[in-house]
Amino acid sequence: MGKTQRIAIVGAGLGGAAAAGLLQQAGFQVDVYEQAPEFSRLGAGIHVGPNVMKVFRRLGIEKPLEEMGSKPDFWFSRDGFTGDYLSRIPLGDFAKREYGAAYVTVHRGDMHLLQMDTLAPGSVHFDKRLETITDSGDDVRLTFADGTEARADIVIGADGINSRIREALLGAEAPNYSGWVAHRALIRGDQLAKYDLTFEDCIKWWTEDRHMMVYFTTEKRDEYYYVTGVPHPAWDFQEAFVDSSREEMFEAFQGYHPTVQALIECTEEVTKWPLRNRNPLPLWSRGRLVLLGDACHPMKPHMAQGAGMAIEDAAMLTRCLSETGLTDYRTAFALYEANRKDRATRVQAVSNANTFLRTQEDPAWVFGYDVYEQPLREGIAA
Ligand code: FAD
């Protein structure tokens, strides 16, 4: 009998965790290597579209996520200065009926925890920062910063925008800084009660060159979250994010609607993140290495679909490997790329342009998509 074939996933973020859960469910032996010593509930929310909820259905976490998160009836877009409505995109029951699942906004740490709970005990290895990766042709050798090593038949690079595995495939190249930053802050729901203002469930305030997206992250509406896009000439910090301040926020959103001013007034802590991206990659896999999520197609976050694309990638890659078996990984990788590249590239372009749902458009192409319903288009093995 031959040895057990193993898949290594590098990175246990939103994409890596989805891939691990789905592949284990499909019967593959999977180990996940994550650089972080543990995960904490960092202050940020996330939109989970019906396209993503359909993948979570397979993982058995659709219901708990729906119960935990806020389910907005609409995505509103409003003019930041006048408050005029620019679009009212129906979600709520409409999303369930038309797109086949709920539209949820939630704390990303809570969602990630649900995802991690789907993984086989002992299959996630923390504090494993990948340093080198060598595809010998027969298998892959991974070495980690703590001096240990591992071997696998194939390796999935789910290691985010600064992916070591992308670097192994295509050479070292820093991502592009887009010229915009995002501020992120969580506000206690009880802080809002003192205002005679309406705080809508899911609203994006826009002006010419900046915006503020705001939504609840819990079913109980006790946590409200905003994330911005604001021009910022250069990112001169070494850190992944830095502290911002209420003063900086007031300055960036001068003249904005009273509701936005109230949110800034309620802000206790706010952080600032550089928005980076990459041009579409010329290849998604080579030999035994394959990429998914931000390692493969990072984007500015303005469509709220970056993690969505990582999770759809995970589902499609699992589908393709199940179809071919692990031994024929080359065909699986070719199939995967052929069935993901157009959609991921389109989402990447629209997200970078920051136009999505600013006006009354039909988002069915994004939300109505079901990765399991797509007829598999043939791919050419590299
Ligand atoms: P990541 O989540 O970045 O995970 C990569 C993992 O790999 C991390 O855990 C990291 O520690 C690990 N890792 C990295 N290097 C190594 C190494 N060498 N060895 C071992 N482990 C390593 N998306 C949405 O769908 N909806 C939203 O509402 C949304 N809002 C966003 C708001 C902002 C401000 C930003 C910046 C992004 C937003 N996104 C959103 C995008 C989303 O966060 C990303 O697209 C998503 O996290 C990508 O998942 P990933 O698993 O590919 O990468």
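Quick caveat: nothing in here was measured; it's all calculated off a predicted structure.

Engineer: Would you take a moment to explain the overall build of the protein chain for this structure?
Structural biologist: Along the backbone of the protein chain there are eleven helices and 19 strands. Rg of the C-alpha trace for the protein chain: 21 Å, near the compact-globule value of 21 Å for 382 residues, within the 12% margin. Over its C-alpha atoms, taken along the principal directions, the protein chain stretches across nearly 70 × 45 × 35 Å. When each of the 382 residues of the protein chain is scored for burial, the buried share is 57%. Within the protein chain, contacts between residues separated by at least 24 positions form 74% of all contacts whose residues are at least 6 apart in sequence. A total of about 16500 Å² of accessible surface is found on the protein chain, and carbon and sulfur atoms cover 48% of it. A distance of 3 Å separates the average location of the 41 positive side-chain charges in the protein chain from that of its 54 negative side-chain charges.

Engineer: In this structure, what is going on with the packing of helix H2 (residues 50-59) against helix H9 (residues 306-324)? I would like to understand it.
Structural biologist: For any two helices packed against each other, one specifies the inter-axial angle together with the distance between the axes. Two numbers describe how H2 lies on H9: the axes approach to 9 Å, and their chain directions differ by 40°. When the axis of H2 is compared with that of H9, the two are oblique. Between H2 and H9 the crossing geometry is left-handed. On the side of H2, the interface is formed by Asn51, Val52, Val55 and Phe56, while H9 contributes Gly308, Met309, Ile311, Glu312 and Ala315. In terms of residue class, the contact of H2 with H9 is made up of six nonpolar, two polar and one charged.

Engineer: I tried to follow unusual backbone geometry on my own but got confused; where do I start?
Structural biologist: Note on backbone geometry: most residues besides glycine have negative phi, and most peptide bonds are trans. Residues other than glycine seldom take positive phi values, yet Arg221 does so here, at roughly 55°. Summarising the element assignment, Arg221 is placed in the loop between strand S14 (210-216) and strand S15 (223-231). Among the residues examined, Arg221 registers a relative accessible area of 42% and is labelled partly exposed. If you check the backbone angles, Asn354 has positive phi at about 55° while not being a glycine. Mapped onto the elements of the fold, Asn354 is located in the loop between helix H10 (329-353) and helix H11 (364-367).

Engineer: Quick question: what am I supposed to make of the UniProt feature "domain: FAD-binding" (unreviewed entry) in the protein chain here?
Structural biologist: Residues annotated by UniProt as "domain: FAD-binding" (unreviewed entry) correspond here to residues 7-347. Here residues 7-347 runs as 31% helix and 29% strand, with 28 Å between its end C-alpha atoms.

Engineer: Would you explain the site of the ligand in this entry?
Structural biologist: Inspection of the region around the ligand gives 32 residues, with Gly15, Glu34, Arg108, Leu130 and Asp294 positioned closest. The contact in question runs from a nitrogen atom of the ligand to an N or O atom on the backbone of Leu130, over 2.9 Å. Gly306 has a polar backbone atom sitting 3.3 Å from a nitrogen atom of the ligand. Expressed as a share of its isolated accessible area of 1000 Å², the protein-covered part of the ligand is 86%. Top contributing element to the shell around the ligand by residue count: H9, with four residues. When the residues that make up the shell around the ligand are grouped by side-chain class, the tally is 13 nonpolar, eleven polar and eight charged.

Engineer: What should I look at first to understand the sheet that holds strand S1 (residues 6-10) in this one?
Structural biologist: Sheet strands line up and pair through hydrogen bonds in the backbone, either parallel or antiparallel. Sheet architecture is open: six strands sit in the order S7-S2-S1-S11-S19-S18, paired in mixed fashion. For this open sheet the edge positions go to strand S7 (124-125) and strand S18 (285-286), each flanked by a neighbour on one side alone. Bridge analysis of S18 against strand S19 (residues 289-291) gives two bridges, and the strand direction is antiparallel. Paired with Ser285 across the strands is Val290, a residue of S19.

Engineer: What am I meant to see in the environment of Arg276 here?
Structural biologist: Positionally, Arg276 belongs in strand S17 (residues 271-277). Residue class for Arg276 comes out partly exposed when judged on its relative accessible area of 29%. Counting along the chain gives 95 residues from Arg276 to Val181, while the straight-line C-alpha distance between them is 8.7 Å. Apart from residues no more than four positions distant in its own chain, Arg276 is found in contact with Ile161, Pro175, Asn176, Tyr177, Trp235, Met299 and Lys300.

Engineer: How do you make sense of the packing of H9 against H10 when you look at a structure like this?
Structural biologist: Their axes nearest at 8 Å, the elements H9 and H10 cross at an angle of 155°. Classified by the angle between their axes, H9 and H10 sit roughly antiparallel to one another. Judged by the twist between their axes, the crossing of H9 over H10 is right-handed. Residues Met309, Glu312, Asp313, Met316, Leu317, Cys320, Leu321, Glu323 and Thr324 of H9 pack against Tyr329, Thr331, Ala332, Phe333, Leu335, Tyr336, Asn339, Arg340, Arg343, Ala344 and Val347 of H10. Grouping the amino acids of the contact of H9 with H10 by side-chain chemistry returns twelve nonpolar, three polar and five charged.

Engineer: Just checking my understanding: could you explain the packing of aromatic side chains for this structure?
Structural biologist: Pairs of aromatic rings are described using the distance from one ring centre to the other and the angle between the two planes. One pass over the full model with this rule turns up 19 aromatic pairs. Centroid distance Tyr99 to Phe367: 5.6 Å. Interplanar angle 65°. Geometry classified as edge-to-face. Residue Tyr99 is found in helix H4 (residues 92-99), and its partner Phe367 is found in helix H11; the two are separated by 268 residues along the sequence. When its relative accessible area of 7% is taken as the criterion, Tyr99 is described as buried. Residues Tyr103 and Phe367 carry aromatic rings whose centres are separated by 5.2 Å and whose planes lie at 70° to one another, so their mutual orientation is edge-to-face. Residue Tyr103 is located in the loop between H4 and strand S6 (104-107), and its partner Phe367 is located in helix H11; the two are separated by 264 residues in the primary sequence. Pairwise contacts between aromatic rings join Trp75, Phe94, Tyr99, Tyr103, Phe356 and Phe367 into one cluster. Sitting above the plane of the Phe216 ring, Arg221 keeps its charged end 5.6 Å from the centroid. Directly above the aromatic system of Tyr369 lies the positively charged group of Arg343, at a separation of 3.6 Å from the ring centroid.

What counts and what doesn't
Residues numbered from 1 in each chain as written. Predicted model: local features only at pLDDT ≥ 70, side-chain atom pairs only at ≥ 80, totals over all residues. Heavy atoms only, no water. Helix = DSSP H or I, 4+ residues; strand = E, 2+ residues; numbered from the N terminus. Rg over C-alpha atoms; globule rule 2.2 N^0.38 Å. Buried < 20%, exposed > 50% of the residue type's maximum accessible area, 1.4 Å probe, protein only. Contact = heavy atoms within 4.5 Å. Areas by Shrake-Rupley, 256 points an atom, 1.4 Å probe, with all protein chains shown as cover. Lys, Arg positive; Asp, Glu negative; His and termini not counted. Charge placed at Lys NZ, Arg CZ, Asp CG, Glu CD. Axes fitted to C-alpha atoms, helices over the stretch in contact; angles between N-to-C directions. Parallel < 35°, antiparallel > 145°, perpendicular 65-115°, else oblique. Left-handed = near helix turned anticlockwise from the far one by under 90°. Nonpolar A, V, L, I, M, F, W, Y, C, P; charged D, E, K, R; others polar. UniProt positions renumbered as here; feature names shortened; annotations may be inferred. Near = heavy atom within 4 Å. Polar contact = N/O pair within 3.5 Å; in protein donor to acceptor, adjacent residues only side chain to side chain. Pairing = 2+ DSSP bridges. Phe/Tyr/Trp six-rings, centres within 6.5 Å; stacked < 30°, edge-to-face > 60°. Lys NZ or Arg CZ within 6 Å of the ring centre and 35° of its normal.

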